[in-house]
Amino acid sequence: NAGVMQNPRHLVRRRGQEARLRCSPMKGHSHVYWYRQLPEEGLKFMVYLQKENIIDESGMPKERFSAEFPKEGPSILRIQQVVRGDSAAYFCASSPEATDTQYFGPGTRLTVL
Amino acid sequence: GQQLNQSPQSMFIQEGEDVSMNCTSSSIFNTWLWYKQDPGEGPVLLIALYKAGELTSNGRLTAQFGITRKDSFLNISASIPSDVGIYFCAGSLNDYKLSFGAGTTVTVRA
């Protein structure tokens, strides 16, 4: 049973470009969570999605960031017009139901030049 | 969000030693979790605690959910080289939003 998959694993963008991060949850999991980790810090909750619905986006910046989890395909975290402060590791987690027992992917490390 | 303080920030271990780390919160949680993160990877769930006072083991790992619901500790007995990594505590008050500590980095003592 494959775990949570994220791609790309590393992403380099110049300031002002767009970053698209993908997450495929574990098989049978319909709940997806995105977290951001700055260097030497813990993970910070960003957004919680179910299929086709955003349930809680209280941790996501209101501008430039958006997330979706379509009926078919992976969940996407999109960052428009990236700035250097967006450089971080972005982790996706999934679960079969709304729960704190979440399984994390390997992360996407975003570097903004 | 909730503030979690994890200590120590880092520690050095020698093979065979017992290791202990803890996590305190400014507010209560209903669930405490402990994760391990290796470099370049995502966190891996080690132990989940759901009840105040609960003591749970997973192999050489033992964790407890504090009675006040504001703290938890993790012990590693008879450490081995592959125990190195960053250990994170996380707490949850509702069903899904995890608050993480800043991590305890465990390194092998030369």
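Above this text you will find the structure in question.
Scope of this entry: the structure provided in the associated data block. (Residues numbered from 1 in each chain as written. Chains lettered and ligands numbered in written order. Predicted model: local features only at pLDDT ≥ 70, side-chain atom pairs only at ≥ 80, totals over all residues. Heavy atoms only, no water.)

**Quick notes on the overall build of chain A**
Here comes step 1: The number of helices and strands found in chain A is zero helices and eleven strands.
Here comes step 2: Reading chain A from its N end, one meets helices and strands in the order β-β-β-β-β-β-β-β-β-β-β.
Here comes step 3: Whereas a compact globule of 113 residues would reach a radius of gyration of roughly 13 Å, chain A reaches 13 Å, a difference of no more than 12%.
Here comes step 4: Its C-alpha atoms give chain A principal-axis dimensions of about 35 × 25 × 25 Å.
Here comes step 5: The proportion of buried residues among the 113 residues of chain A is 48%.
Here comes step 6: In chain A, the proportion of contacts linking residues at least 24 apart, taken out of those at least 6 apart, comes to 53%.
Here comes step 7: About 5,600 Å² of surface is accessible on chain A, with carbon and sulfur atoms providing 47% of the total.
Here comes step 8: Measuring between centres, the 16 positive side-chain charges of chain A sit 9 Å from its 12 negative side-chain charges. (Helix = DSSP H or I, 4+ residues; strand = E, 2+ residues; numbered from the N terminus. Rg over C-alpha atoms; globule rule 2.2 N^0.38 Å. Buried < 20%, exposed > 50% of the residue type's maximum accessible area, 1.4 Å probe, protein only. Contact = heavy atoms within 4.5 Å. Areas by Shrake-Rupley, 256 points an atom, 1.4 Å probe, with all protein chains shown as cover. Lys, Arg positive; Asp, Glu negative; His and termini not counted. Charge placed at Lys NZ, Arg CZ, Asp CG, Glu CD.)

**With respect to the side chain of A:Thr108**
Here comes step 1: Mapped onto the secondary structure, A:Thr108 falls in strand β11 (residues 108–112).
Here comes step 2: Relative accessible area serves as the criterion here: at 0%, A:Thr108 is assigned to the buried category.

**Examining the sheet that holds strand β1 (residues 4–7) of chain B**
All names here are of chain B.
Here comes step 1: Taken in spatial order, the five strands make up an open sheet running β1-β3-β8-β7-β6, and their pairing is antiparallel. The open sheet has two edge strands with one neighbour each: β1 and β6 (55–58). On average, each strand axis in the sheet is tilted by 15° relative to the strand beside it, whichever way the strands run.
Here comes step 2: By the bridge criterion, six bridges tie strand β3 (residues 19–25) to strand β8 (residues 71–76) in an arrangement that is antiparallel. Bridge pairing in β8 links Ser 20 to Asn 75. (Pairing = 2+ DSSP bridges. Axes fitted to C-alpha atoms, helices over the stretch in contact; angles between N-to-C directions.)

**With respect to the interface of chain A and chain B**
Here comes step 1: Facing the 22 residues of chain A at the interface are 20 residues of chain B.
Here comes step 2: For chain A, the biggest contributors to the area lost against chain B are A:Leu43, A:Asp100 and A:Phe104; these three give 33% of the whole.
Here comes step 3: Summed over the shared surface of chain A and chain B, the number is two salt bridges.
Here comes step 4: Here B:Glu41 and A:Arg9 are joined by a salt bridge, their closest N and O atoms 3.6 Å apart.
Here comes step 5: Along the contact surface separating chain A from chain B lie ten residue pairs in polar contact (both at pLDDT 80 or more).
Here comes step 6: Counting residues per element, the ones that place at least two in the side of chain A that touches chain B are β4 (31–37) and β5 (43–50) of chain A. (Buried area = accessible area lost by both parts, 1.4 Å probe. Salt bridge = Lys/Arg side-chain N within 4 Å of Asp/Glu carboxyl O. Polar contact = N/O pair within 3.5 Å; in protein donor to acceptor, adjacent residues only side chain to side chain.)

**With respect to the nonpolar core**
Here comes step 1: Judged by nonpolar contacts, the single largest core of 23 residues is most densely connected at A:Trp34, A:Met46, A:Leu77 and A:Tyr90.
Here comes step 2: Taken together, the elements giving at least two residues each to this core come down to β3 (19–24), β4, β5, β7 (65–68), β8 (75–79), β9 (88–95) and β11 of chain A.
Here comes step 3: A:Leu77 has contacts with A:Ala19, A:Arg20, A:Leu21, A:Trp34, A:Met46, A:Met60, A:Ser66, A:Ala67 and A:Tyr90, leaving out every residue within four places of it along the chain.
Here comes step 4: Within the second largest apolar cluster, 20 residues are counted, among which are B:Phe29, B:Leu46, B:Ile47 and B:Cys89. (Core = buried A, V, L, I, M, F, W, Y, C linked by side-chain atoms within 4.5 Å.)

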